[in-house]
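# Notes for the structure review
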Amino acid sequence: MTLLCRAQTLSQDQVVAAIYETMIRPEQFDRFMPGPHDGPVAPSPGRMQQGRLRTAPVLQAHFARAAGIQEQQWQRAGRPHPGAYSGNCTRFWLLVDANAGGGLLNASQRAARQLAGGMAIPAALGLTPAAAEHWQNYLEDVRSGNFSWRDVLLLAACGPGEQFLCRPVRLNGGGVAVMAERLEGDWATDAAAPVAAALGLQQQGFEPLRDAAARGGGKVGGRLEQAAEQAGAPGPAELVRLAAFLMNEHSRDLAIAKGDLLPPSGTFEDSSGQRSQYFRLGAETGQPVIFVHGMLDGIAPLQRLQPQLRTLGFRVYAPMRRGYGGSVPLKREEDPADAFVKQLAALMAHENLQRPVLLCHRGGALYGFQAARRLDSRIAGLVAAASNCAISSPRQFSGLSGYAWLVALAAARASWMLPALMKGWAAALHWYGPKTLLRMQTRSGSKERAMLSQLDLLQLLQQSQRLFQEQGGAGFLADVQMLRQGVQAVVPGKNTRSVFVHGGEDHIAPLSAVREMLGGLPDARLCISQDAGALLFYTFPELVLTALQDLASVADS
């Protein structure tokens, strides 16, 4: 199985991180309250040995450790019951008295704001009519004692991507309440199979969740007991939380990879107070990577690998260079290289990044070279994918076509024409479509162009074009200024571990020019794919991911 295929599944690290995220929550403090609770349903003799064999011991150990951490937090907080807990919480949950005429006992701040109007709880939660009926029936069952402490009720909400997990909670003094927790995301068919596999289950193990989603809600606890046991979860509620979290996470990753969603973003300011925008991709923890985008397609080649980046454990930050996206343009006479290094240092301080790897694409490699040399030991290494570091020679223009050839020619010979050409180029892209940005870097009839035609990149490239044009093309003009300085100005430091991934069919940045540039770099490694060209990051992404993995493993050691 290739690296790219393996990376399309969920990793154990991803599942483990989700266990701690979904277990260590104050609304579950009732787990430690004294009183009789139903234990796990005993397996039948026929499947007892089978259950032992199939239980996931690693996940079971992490569930137990997460519960231990949560118990320590509960003790430090004064051993509160969820009915008395009043700490800050960004999630949505509420506790309702199950007795006749009982009302709201406690709620998170998010839930309290939504319930402030005094309307009935089903209406305030936005439950569907079927889910509201399930809610009332569940309250009556709990009130009459017709329930198990391991019961789990799922309820569908009218809002997209919302459902509620409901369960009984023991109150001080012997009373019973019902906890309702909002689960982000709903049943996702495309995410069910990989999530089930990551938990060591068959997809059929999730049938109760699928059926409840189809009916607008229903009890699922009893039907999930065996699945919870096999996954090492303490009970059905913990399994439901974990599965819903992973499904939502995986579905969002797929939406980001398709271009339906932009990755999460933030802003920061450098030492001179200039604001920059950056995007977050990949995993929440792991090896930090800073992506240095090219001139034409922004974060698109990286964004389409979001599921793989998370699975491989790369924590990726993609700053928009000055003049791209929400990053303010350069001031007059401000040096692009100086501004980028200052931007990178500010990002590393903002996110507390320790020795990140720089992943550079096309013309972004020249900025990466500058940063690697100036920041030196603060950078773990550099991966350059299909680097195109200089357009100073007119001979290179023959590799481009159409408007791109004209813009490149103006960059080297008549830079005063660039602002007017940029407007025309934007109009041409709108007319011919954003895929033109990639097609113009390939030869007519080439294998690479044929591979490009098979890729669904429209949404991704449209997003990148919006970021490209947000500041009127100011970032592109700054990049042109940088490229005119040429690669002769600087290469990565001799002590910087560098991996260059290049295609033998790259006619814009020929392999011979890359070899010549790397001649004086003893720690640089060149990985060549003879079938790849300028679009290597799109057509052979596994080569880039492998180089990133190799460099990250060396940095760890």
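These remarks concern the structure in this document. (Residues numbered from 1 in each chain as written. Predicted model: local features only at pLDDT ≥ 70, side-chain atom pairs only at ≥ 80, totals over all residues. Heavy atoms only, no water.)

### A word on empty space enclosed by the protein
Going through the model one piece at a time under the given rule, you end up with four cavities of 30 Å³ or more. Lining the second largest cavity are L154, Q163, D186, W187, L209, A213, V240, A243, A244 and M247. Breaking the lining of the second largest cavity down by element, the ones donating at least two residues are α9 (207-215) and α11 (236-258). When residues of the lining of the second largest cavity are assigned to their parent elements, the largest contribution, four residues, is made by α11. (1 Å grid on protein atoms, 1.4 Å probe; cavity = no way out; pocket = protein on both sides within 12 Å on 5 of 7 lines; lining within 4 Å. Points joined across faces, edges and corners; volume = space filled by probe spheres on them. Helix = DSSP H or I, 4+ residues; strand = E, 2+ residues; numbered from the N terminus.)

### Topic: the side chain of R182
Mapped onto the secondary structure, R182 falls in strand β5 (residues 176-184). Given the relative accessible area of 12%, R182 is considered buried. Of note is the side chain of R182, whose polar atom sits 3.3 Å from the side chain of Q114. Beyond its immediate chain neighbours, meaning those up to four positions away, R182 contacts F92, R110, Q114, E162, Q163 and F164. (Buried < 20%, exposed > 50% of the residue type's maximum accessible area, 1.4 Å probe, protein only. Polar contact = N/O pair within 3.5 Å; in protein donor to acceptor, adjacent residues only side chain to side chain. Contact = heavy atoms within 4.5 Å.)

### Looking at the pattern of salt bridges
As enumerated under the stated definition, the model contains 23 salt bridges in all. Close ionic contact of E181 with R167 constitutes a salt bridge, the shortest N to O distance being 3.1 Å. Taken together, the residues span a long stretch of sequence, with E181 in strand β5 and R167 in strand β4 (residues 162-170) at a distance of 14 residues. When sorted by exposure, E181 lands in the same class as R167, which is buried. Residue E249 is joined to R310 by a salt bridge in which the shortest nitrogen-to-oxygen separation is 3.1 Å. Taken as a pair, E249 in helix α11 and R310 in helix α13 (residues 306-312) lie far apart in primary sequence, 61 residues in all. Each member of the pair E249 and R310 is classed as buried. Connected via shared salt-bridge partners are E249, D253, R280, E284 and R310. (Salt bridge = Lys/Arg side-chain N within 4 Å of Asp/Glu carboxyl O.)

### Considering the environment of Q287
Within the fold, Q287 resides in strand β9 (residues 287-292). Through-space distance from the C-alpha of Q287 to that of A552 is 7.0 Å; in sequence the pair is 265 residues apart. Here the side chain of Q287 touches R355 through a polar contact of 3.4 Å, landing on its backbone oxygen.

### Brief notes about the sheet that holds strand β14 (residues 524-529)
What holds strands together in a sheet is hydrogen bonding between their backbones, with the strands either parallel or antiparallel. Pairing in this open sheet of eight strands is mixed, and the strands run β7-β8-β10-β9-β11-β12-β13-β14 from one edge to the other. Every interior strand has two partners, whereas the edge strands, β7 (265-269) and β14, have only one. Strand-to-strand twist in this sheet, taken as the mean axis angle between neighbours without regard to direction, amounts to 25 degrees. Pairing analysis gives four bridges linking strand β12 (residues 381-385) to strand β13 (residues 498-503), with the strands arranged parallel. Among the inter-strand pairings, V383 is bridged to a residue of β13, identified as V499. (Pairing = 2+ DSSP bridges. Axes fitted to C-alpha atoms, helices over the stretch in contact; angles between N-to-C directions.)

Limitation: the analysis is restricted to geometry and does not speak to function.
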